Amino acid sequence: MNPNEHYQLPAEWEPQSGVLIAWPHAQTDWAPMLDEVSACYNEMVRAIEHYEPVVTVEPCGDIPHSMLNVEYTTNDTWARDFGFITLVGDRGGRRLLDFRFNGWGQKFAADLDNRVNRHLYDRGRVRGDYADHQDFVLEGGSIESDGRGTVFTTSQCLMAPNRNQPLTRQQIDEQLRQRLCARRIVWIDHGHLTGDDTDGHIDTLVRIAPDDTLLYVGCDDPADEQYADLQLMEQQLQSLRTLDGRPYRLLRLPMPRPIYDDDQRLPATYANFLVINGAVIVPTYAQPDLDREAMLTVGHAFPGRDVIGIDSRPLIRQHGSIHCCTMQLPAGVL
């Protein structure tokens, strides 16, 4: 690594070389609905491949041959949270940060998932300088970057049990700034979706877009159990300022009408979209009016990109969506 090179965490809309996906298989929680979720993954991959390559980690080597397959068995399929978090250097360097994934605070087994990055690197499937950060728990879904030194996260996630205790919030802030080469960390202190396993990942609540734009989940129903906390989140977002002191442009995403699995409410959100080269893929939930509103709002935030909706009802049954299933690989990594 060049000691004079400056690194930063890129914004998601910056150029990408591909997207990492872990394919559902019979040893994952998808087993009872494997055909249904595989069809959803196929649709997602077809959409992405129109714009950039897909690298797929899967155990059997029998998925469509057009993908860049890597044979490996995973615990589950949430590539956002165990994939490399990649820093981009101003002289062309790529730093592949391999943080520890522990199943969102030891809620689920993650030993196999936690070794995916090393597997990819050792087999030469990714390019860059490998950086071992296994001494620190960090999931890709818990951070958002504007590509200019500001990283967003949520206090309820990074301060949740079984992550990085006994570190204080100030100490975690310092660790994030150092490890991610960030100028500042913006902590969102409110917002939670019922049924969420991640303790409030930022990618379910607030997303960064170009021109100092924040897309965020809103709620208009006072009877909704999420209403009060999301109102407080909205107020906090209104008070935030950019590094040069200007208010953010705020775009409010609708809240999907409640979706249940038996009597359990699922954490459906339109914020869990994926930005790729030339397009944004938005989760939809067979709620045409709200799906349309969400896609139009995302389109306003990302002008000039195609906006593609994919029915994510199969994904939300395991409490995740499109962004959770994917991890972008910045240009130069493949």
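Read on for a plain summary of the structure. Bear in mind the structure is a predicted one, so any value in this text is a computation, not a measurement.

## Description of the nonpolar core
No. 1: If you look at the biggest cluster of nonpolar residues, it comprises 62 residues, and the most contacted ones within it are I21, I48, I85, L138 and L180.
No. 2: If you tally residues by element for this core, the top one is helix α1 (residues 34-49), at seven residues.
No. 3: Discounting residues that sit within four places of it in the chain, L180 has contacts with Q8, L9, I85, L87, L97, F99, L138, I143 and V151.
No. 4: By size, the runner-up hydrophobic cluster in this structure holds 40 residues, among which are L237, L251, V298 and F302.

## Concerning the pattern of salt bridges
Should their charged atoms come close, side chains of opposite charge can pair.
No. 1: This model, assessed by the stated rule, comprises 21 salt bridges.
No. 2: Residue D199 is joined to R163 by a salt bridge in which the shortest nitrogen-to-oxygen separation is 2.7 Å. Of the two residues, D199 sits in the loop between β10 (184-188) and β11 (206-209) while R163 sits in the loop between α5 (155-158) and α6 (169-180), which places them 36 residues apart along the sequence.
No. 3: Taking relative accessible area as the criterion, D199 reaches 17% and is therefore assigned buried.
No. 4: For R265, the salt bridge identified is with D224, shortest N-O distance 3.0 Å. With R265 in strand β15 (residues 264-265) and D224 in the loop between β12 (213-217) and α7 (227-239), the pair connects residues that are 41 residues apart, well separated along the chain.
No. 5: With a relative accessible area of 8%, R265 lands in the buried category.
No. 6: In this structure D224 comes out as buried when scored by relative accessible area, which is 12%.

## Description of the packing of aromatic side chains
No. 1: Tallying each qualifying case throughout the model produces 12 aromatic pairs.
No. 2: Each ring, one from F99 and one from F136, has its centre 6.2 Å from the other, and the planes form 65°; the classification is edge-to-face. With a gap of 37 residues between them, F99 in strand β6 (residues 94-100) and F136 in strand β7 (residues 129-137) connect regions that are remote in the sequence.
No. 3: Judged by relative accessible area, which is 2%, F136 ranks as buried.
No. 4: Between F152 and Y248, the ring centres sit 5.8 Å apart and the planes meet at 80°, which makes this aromatic pair edge-to-face.

## What to know about the environment of N164
No. 1: Residue position: N164 is located in the loop between α5 and α6.
No. 2: Ignoring any residue separated from it by four or fewer positions in sequence, one finds N164 in contact with F136, V137 and I172.
No. 3: A distance of 2.9 Å separates a polar atom in the side chain of N164 from the backbone oxygen of V137.

About the thresholds
Residues numbered from 1 in each chain as written. Predicted model: local features only at pLDDT ≥ 70, side-chain atom pairs only at ≥ 80, totals over all residues. Heavy atoms only, no water. Core = buried A, V, L, I, M, F, W, Y, C linked by side-chain atoms within 4.5 Å. Buried < 20%, exposed > 50% of the residue type's maximum accessible area, 1.4 Å probe, protein only. Helix = DSSP H or I, 4+ residues; strand = E, 2+ residues; numbered from the N terminus. Contact = heavy atoms within 4.5 Å. Salt bridge = Lys/Arg side-chain N within 4 Å of Asp/Glu carboxyl O. Phe/Tyr/Trp six-rings, centres within 6.5 Å; stacked < 30°, edge-to-face > 60°. Polar contact = N/O pair within 3.5 Å; in protein donor to acceptor, adjacent residues only side chain to side chain.

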